[in-house]
Amino acid sequence: MSDLQALEAETLGAVAAAGDEAALEAVRVAALGKKGSISALLATLGKMSPDERKTAGAAINALKDKVSEALGERRTMLKERALEARLASETVDVTLPVREAAIDTGRIHPISQVMDELTAIFADLGFSIAEGPDVESDDYNFTRLNFPEGHPAREMHDTFFFAPNEAGERKLLRTHTSPVQVRTMQKTNTPPGASWIAAGQTPPIRIISPGRTYRMDSDATHTPMFHQIEGLVIDRNIHMGHLKWTLDQFIARFFELESVVTRFRPHHFPFTEPSAEMDVQCDTSGGEVKIGQGTEWSEIVGCGMVHPNVLRNCGIDPDEWQGFAFGFGVDRLGRLKYGMPDLRDMFASDTRWLAHYGFSAFAAPNPASGLS
Ligand code: DAH
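Residues numbered from 1 in each chain as written. Predicted model: local features only at pLDDT ≥ 70, side-chain atom pairs only at ≥ 80, totals over all residues. Heavy atoms only, no water.

1. Brief notes about the site of the ligand
Next up, step 1: The ligand sits among 15 residues. The nearest are His176, Ser178, Arg215, Gln228 and Glu230.
Next up, step 2: Take glutamine 181: an N or O atom from its side chain is 3.1 Å from an oxygen atom of the ligand.
Next up, step 3: The set of elements that each furnish at least two residues to the shell around the ligand consists of β5 (225–235), β9 (296–306) and β10 (322–329). (Near = heavy atom within 4 Å. Polar contact = N/O pair within 3.5 Å; in protein donor to acceptor, adjacent residues only side chain to side chain. Helix = DSSP H or I, 4+ residues; strand = E, 2+ residues; numbered from the N terminus.)

Next comes the structure, spelled out in structure tokens:
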């Protein structure tokens, strides 16, 4: 075999063995590049006699053409193969089941769900939402709500107090959402732009205030942090009938019933006069509470007519305006509707519990398409 034939066999063999475009380019450079083997042979032509050049030139150029052609074919083939591999790897098999995305496995916490249900119902009844801070002053949490100084009710709330500041003022974690009543009625003393103020309002006022509340208490039906929703209506000629209708409406809608049977039981709250607790008729015989049936009663909400002292403490004239107020325990409402045995589980962050009791993010409660 001549040197030329050997070179041809070697180069074409290398072309055929190149597994990808980068390897093929290396073969091309080794043969046809500036310092390539075939380029080196072509460079020897200049030193040959015209006769030698004629035959050797034709043979070397034929080899060059052959190699160029082989390189071209191989490049096309490798390109096609790479494209096919890419298409195969990017194939979407539309017959495969859809993989569960975070949005499907994630759950809305029952408290958030109940809060959304409450706000949907009360928004439909014409209430707007007011918020207040978790850290409150003694004044808003107690004094302006007509808790006398040194009154045992202050102790009854098992309050979490902060250490007093230099001015001797002792802040606390609010024990109920009732201070938001004060903040809403008190249209003066409200720093402009403070986000927790529902907008300083003059009557008529119709607000609800959902939020976190705190008391030193922990057992199956109490957690140190819990949730309440406060309601406040101030207008002219408001009476207990308005209160009863509003609560009946709310309770029936919340439990997704046509109607419910309720009763007022006299009670005492410093900030309302008269005060009542409302019970709803229920059946507990099967081990769980079924609202809207049976002959038993379950306490569901504290309420009453806003005490004239509270109106006065908030700059509202009780001879002109009257109102009612109520306060629900949100966690308790959730337990009654969705049947969780132990309240503490609500805050244990156990994803199995959440998967069981949680709600789909797609099921946003609203009066049109339903609550739960
Ligand atoms: N603040 C009361 C509590 O935490 C609940 C309550 C009762 C709120 C009666 C009210 C009301 O607005 O009128 O126990």
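2. A closer look at the packing of helix α2 (residues 21–32) against helix α4 (residues 50–89)
The description of two helices packed together rests on the angle between their axes and the distance between the axes.
Next up, step 1: The N-to-C vectors of α2 and α4 enclose an angle of 170 degrees; their axes lie 10 Å apart at closest approach. With respect to α4, the element α2 is oriented roughly antiparallel. In this structure, α2 contributes Glu21, Leu24, Glu25, Arg28, Ala31 and Leu32 to the contact, and α4 contributes Lys64, Val67, Ser68, Leu71, Arg74, Arg75, Leu78 and Lys79.
Next up, step 2: Its residues assigned to classes, the contact of α2 with α4 shows six nonpolar, one polar and seven charged. (Axes fitted to C-alpha atoms, helices over the stretch in contact; angles between N-to-C directions. Parallel < 35°, antiparallel > 145°, perpendicular 65-115°, else oblique. Contact = heavy atoms within 4.5 Å. Nonpolar A, V, L, I, M, F, W, Y, C, P; charged D, E, K, R; others polar.)

3. A look at the pattern of salt bridges
Next up, step 1: All chains considered together, the criterion is met by 18 salt bridges.
Next up, step 2: The salt bridge partner of arginine 352 is aspartate 350, with a shortest N-O separation of 2.7 Å.
Next up, step 3: Given the relative accessible area of 28%, aspartate 350 is considered partly exposed.
Next up, step 4: Overlapping salt bridges, with partners in common, bring together Arg263, Arg265, Glu277 and Asp279 in one network. (Salt bridge = Lys/Arg side-chain N within 4 Å of Asp/Glu carboxyl O. Buried < 20%, exposed > 50% of the residue type's maximum accessible area, 1.4 Å probe, protein only.)

4. Overview of the packing of helix α1 (residues 3–17) against α2
Next up, step 1: Where α1 contacts α2, the axes come no closer than 8 Å and their chain directions differ by 160 degrees. Between α1 and α2, the crossing angle belongs to the class labelled roughly antiparallel. Every pair of crossing elements has a handedness; the one defined by α1 and α2 is left-handed. Contact with α1, carried on its side by Thr11, Ala14 and Val15, involves Leu24, Val27 and Ala31 of α2 and no other residues of that element.
Next up, step 2: Of the residues that constitute the contact of α1 with α2, the class distribution is five nonpolar, one polar and no charged. (Left-handed = near helix turned anticlockwise from the far one by under 90°.)

5. Structural notes on the domain arrangement of the chain
Next up, step 1: Along its sequence, the chain is organised into domain 1 (2–89) and domain 2 (110–357).
Next up, step 2: Once you take the C-alpha centre of each, domain 1 and domain 2 turn out to be 87 Å apart. (Domains from an automatic or database assignment.)

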